[in-house]
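Residue-level structural notes
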Amino acid sequence: MTQRRVATPVSDTDTIASPDTYVRGVPYDALARLRGSTPVAWIEERPADGKPAGPGYWAVLRHADACQVLRNPKLFSVRGAADKDLGHGRGRPPAENPPARSRLRRRLPKAFGARSIACLPERIDSRAHALVDAVAEKGEADFAAEIAADLPLLAFADLVGIPESDRWLLADWSARATRRPVAGYPARHAPATPFDPAGSTGMARRAVAARAHGPAAPEANGLEAETALPDLRLYAGELADYKRRHPGDDLMTALVDQAGGKTGPDPVEEFESLFRLFAAAGDDAVQGGLPGGMVALLKNPAETARLHADPSLLESAVEEMLRWWSPVMCVGRTATADTVVGNVPVRKGERLVVWLSSANRDEEVFGEPTRFDVARTPNDHLALGHGPRACLGAHLVRMQMRAMFTAVFDRFDDIEPAGEARRLRSNVHNGIKHLPIRWRPKPRR
């Protein structure tokens, strides 16, 4: 008689740590059980994907504990955490360089003056409408790959003042800077047509030559050599020189103005740091948030109809999309001293992973946390971080999401799924690689 094999139960901690779990969906039930029983839970890092076991870490699951960790960067540092794999190690957090981030945080308010961003909302709105208009009459498309994917880097290019002909460079820089193949992302942002040197600026052609033929770059800004971008630095230097001669209404012009003399900040260094922060962390938030917002609308037709009927709800709807979906599910920190989180002793040097996707559904903070409510107020979500290291690109993220869903509602009616969504295999990024939808086209205004 053949003995029946009984499946071994998987613990909730193993469930939330495994990237395989997230191919099927975020394990909200397991997160809720842990949040109720063990809100600061120890996670064993088991061998997987050919990698050995790790030292383990603390999963911080409640909203209050998450806020404690995120608002105290001296005690809970990104150093030693941002460059390490999170969870089971099969996904990486958005890249951060703490000194560069702090420097930018001091200087960006001046750079984000009226001249730099006065026209940005209109430009992003135009970009979003162009992406939607390109497919509107088809009545069916992959929302993640064909509509949403290009907006973040187009917005960044508009922000910093990169010429139209050179914007395909951002796709390559983003993939290399954030190690998309390691994180499991598809080759997003690939240019629709091959690079045409004749159609790009001399700056772009020289940058491509530096990438193809130049020597390996040394570490820059404390970044690992494998993610150093010598072609970006060459391009940024030439772009800065160009903006000195031809100033524009963009952030690179503002950075050049701030640089002043030899003692001022180097606009090339600032540009590279800015690119990594906005096009990595901000890109992750938008790349996850746009398809995630569409999933929320597809799964909640009554709320979609409510938003259709009252467009003034769009601002609160975007905040609810960010809370309900949590595009970046977790962020890492390292304790710099012995401390206590949620009544649990944490030793100096131990890692903590703040589970934003759990904190954003904490029953003690959000009424009916599993419900998608386009008018939810207040909405103290942590999707874009909290405290002094909150996402520097938060304003840009919100701007892009409002622009995209405004464009969608302008041209699409009766939106419905047209196939199965394909999720990213990651315990860090709540990403969707493909999201087929269909709709009834509305005439262009």
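Let us look at the structure shown here.

How each quantity is defined
Residues numbered from 1 in each chain as written. Predicted model: local features only at pLDDT ≥ 70, side-chain atom pairs only at ≥ 80, totals over all residues. Heavy atoms only, no water. Helix = DSSP H or I, 4+ residues; strand = E, 2+ residues; numbered from the N terminus. Contact = heavy atoms within 4.5 Å. Areas by Shrake-Rupley, 256 points an atom, 1.4 Å probe, with all protein chains shown as cover. Salt bridge = Lys/Arg side-chain N within 4 Å of Asp/Glu carboxyl O. Buried < 20%, exposed > 50% of the residue type's maximum accessible area, 1.4 Å probe, protein only. Pairing = 2+ DSSP bridges. Axes fitted to C-alpha atoms, helices over the stretch in contact; angles between N-to-C directions.

Okay, the overall build of the protein next. When its secondary structure is counted, the protein shows 19 helices and 12 strands. By sequence separation, contacts in the protein at least 24 residues apart represent 75% of the contacts at least 6 residues apart. Accessible surface, the protein: about 19300 Å² in total, of which carbon and sulfur atoms supply 53%.

Bringing the pattern of salt bridges into the picture now. Following the criterion strictly, the structure yields 31 salt bridges and no others. Ionic pairing is found between E45 and R351, a salt bridge with its closest N-O pair at 2.6 Å. Taken together, the positions of E45 in the loop between β1 (40–43) and β2 (57–60) and R351 in strand β8 (residues 351–355) put the pair 306 residues apart, joining distant regions of the chain. Classification of R351 by relative accessible area gives buried; the value is 10%. For R440, the salt bridge goes to D413, with nearest N and O atoms at 2.8 Å. Of this pair, R440 sits in strand β12 (residues 436–441) while D413 sits in strand β9 (residues 412–417), and the two are 27 residues apart along the sequence. Using a relative accessible area of 19% as the deciding quantity, one classes D413 as buried.

In this section: the sheet that holds β8. Strand order in the open sheet made by the five strands is β1-β2-β8-β5-β3, with mixed pairing throughout. Among the strands making up the open sheet, the edge pair consists of β1 and β3 (76–77). Each of β1, β2, β3, β5 (330–335) and β8 is contacted by helix α4 (residues 63–70), which is oriented at about 130° to β8, the strand it contacts most.

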